[in-house]
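Descriptive analysis of the structure
Listed here are the chains, written in short residue letters.
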Amino acid sequence: AGRLQNSSRHAAHSAGRFTFIPFVDARHVSAMIMPYINMLSISDANRILDQQITFAGISTPIFAQRTLASAGLNIRCRFAKRHYVTATAQALHQSQEIKEFFDTETSQSNVGLALEYAYNSIIGPLRANIHWSDINKSVGFYLGIGLDF
């Protein structure tokens, strides 16, 4: 069992207070056995398993198919030095096999949206997030205190 993966996040600053952060993730695992299994989660990638990918719009980790690709954009606004608001839009496409990835009958596409407020405190970021995706078709909330490690 093994995996192929690629991830990229690059910030491009513009207009002073705004930061645009596009991101892409792609991964294929050759076997659906632990620990080689893809997972989606709202929290930071690789927090629970190495195969975990961040996906806006879900509250709890969920299993994903063997082949997946994701792309999204974070638009972050900083105000009053320590306050941040981030809007996230993300698209995900997945299939069980690489050869099925471009077949619309056997693959699956999803979208996720999130809006987050964060305050950069002395103990790390304090975050409140509201999100939605067509995976669970419900609004969710996420609260975070301090850095993820």
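The secondary structure content of the chain amounts to zero helices and eleven strands. N-terminal to C-terminal, the α/β element order of the chain is β-β-β-β-β-β-β-β-β-β-β. Of the contacts made within the chain by residues no fewer than 6 positions apart, 49% connect residues no fewer than 24 positions apart. Per element, the accessible surface of the chain, about 8,600 Å² overall, is 63% carbon and sulfur.

This next bit is on the nonpolar core. Leu40, Ile53, Phe55, Ile58, Ala64, Leu68 and Leu92 together form the largest nonpolar core, which totals seven residues. Setting aside residues no more than four positions away along its own chain, Ile53 makes contact with Asp25, Arg27, Met39, Leu40, Ser41 and Leu68.

What follows is about the sheet that holds strand 6 (residues 62-63). If you trace the three strands from one edge of the open sheet to the other, you get 5-4-6, paired in mixed fashion. With one partner strand each, in any of the chains shown, strand 5 (52-54) and strand 6 form the two edges of the open sheet. Pairing between strand 4 (residues 39-41) and strand 5: three bridges, direction parallel. When the bridges of strand 5 are listed, Leu40 appears paired with Ile53.

This structure, assessed with the given rule, holds one salt bridge. Glu97 serves as the salt-bridge partner of Arg66, at 3.0 Å between the closest nitrogen and oxygen. One end of the pair, Arg66, is in the loop between strand 6 and strand 7 (67-79); the other, Glu97, is in the loop between strand 8 (83-95) and strand 9 (108-121), and 31 residues separate them in sequence. By relative accessible area, which is 13% here, Arg66 ends up buried. According to the relative accessible area criterion, Glu97 is partly exposed, its value standing at 29%.

To continue, consider unusual backbone geometry. Even without being a glycine, Lys81 presents a positive backbone phi close to 65 degrees. Note that Lys81 resides in the loop between strand 7 and strand 8. Lys81 sits in the exposed class, given a relative accessible area of 68%. If you check the backbone angles, Lys137 has positive phi at about 55 degrees while not being a glycine. Looking at the element boundaries, Lys137 is found in the loop between strand 10 (124-133) and strand 11 (139-145).

The next subject is the confidence of the model for the chain. On average, the chain scores 84 in pLDDT, and the residues at 70 or more come to 80%. The spread of mean pLDDT over the elements of the chain runs between strand 1 (residues 3-9), the lowest at 60, and strand 8, the highest at 96.

Moving on, we come to the packing of aromatic side chains. Summed over the entire model, instances satisfying the criterion amount to one aromatic pair. Centre to centre, the rings of Phe101 and Phe102 are 5.1 Å apart; their planes meet at 90 degrees, and the pair counts as edge-to-face. When its relative accessible area of 14% is taken as the criterion, Phe101 is described as buried. Phe102 sits in the exposed class, given a relative accessible area of 75%.

Before going further, it helps to spend a moment on the environment of Thr88. Mapped onto the elements of the fold, Thr88 is located in strand 8. Through-space distance from the C-alpha of Thr88 to that of Ala114 is 5.0 Å; in sequence the pair is 26 residues apart. Once residues within four sequence positions are removed from consideration, Thr88 is found in contact with Phe23, Ala56, Leu73, Asn74, Gly112, Leu113 and Ala114. Among the polar contacts listed, one links the side chain of Thr88 to the side chain of Asn74, at a separation of 2.5 Å.

Conventions and cut-offs
Residues numbered from 1 in each chain as written. Predicted model: local features only at pLDDT ≥ 70, side-chain atom pairs only at ≥ 80, totals over all residues. Heavy atoms only, no water. Helix = DSSP H or I, 4+ residues; strand = E, 2+ residues; numbered from the N terminus. Contact = heavy atoms within 4.5 Å. Areas by Shrake-Rupley, 256 points an atom, 1.4 Å probe, with all protein chains shown as cover. Core = buried A, V, L, I, M, F, W, Y, C linked by side-chain atoms within 4.5 Å. Buried < 20%, exposed > 50% of the residue type's maximum accessible area, 1.4 Å probe, protein only. Pairing = 2+ DSSP bridges. Salt bridge = Lys/Arg side-chain N within 4 Å of Asp/Glu carboxyl O. pLDDT = per-residue confidence, 0-100. Phe/Tyr/Trp six-rings, centres within 6.5 Å; stacked < 30°, edge-to-face > 60°. Polar contact = N/O pair within 3.5 Å; in protein donor to acceptor, adjacent residues only side chain to side chain.

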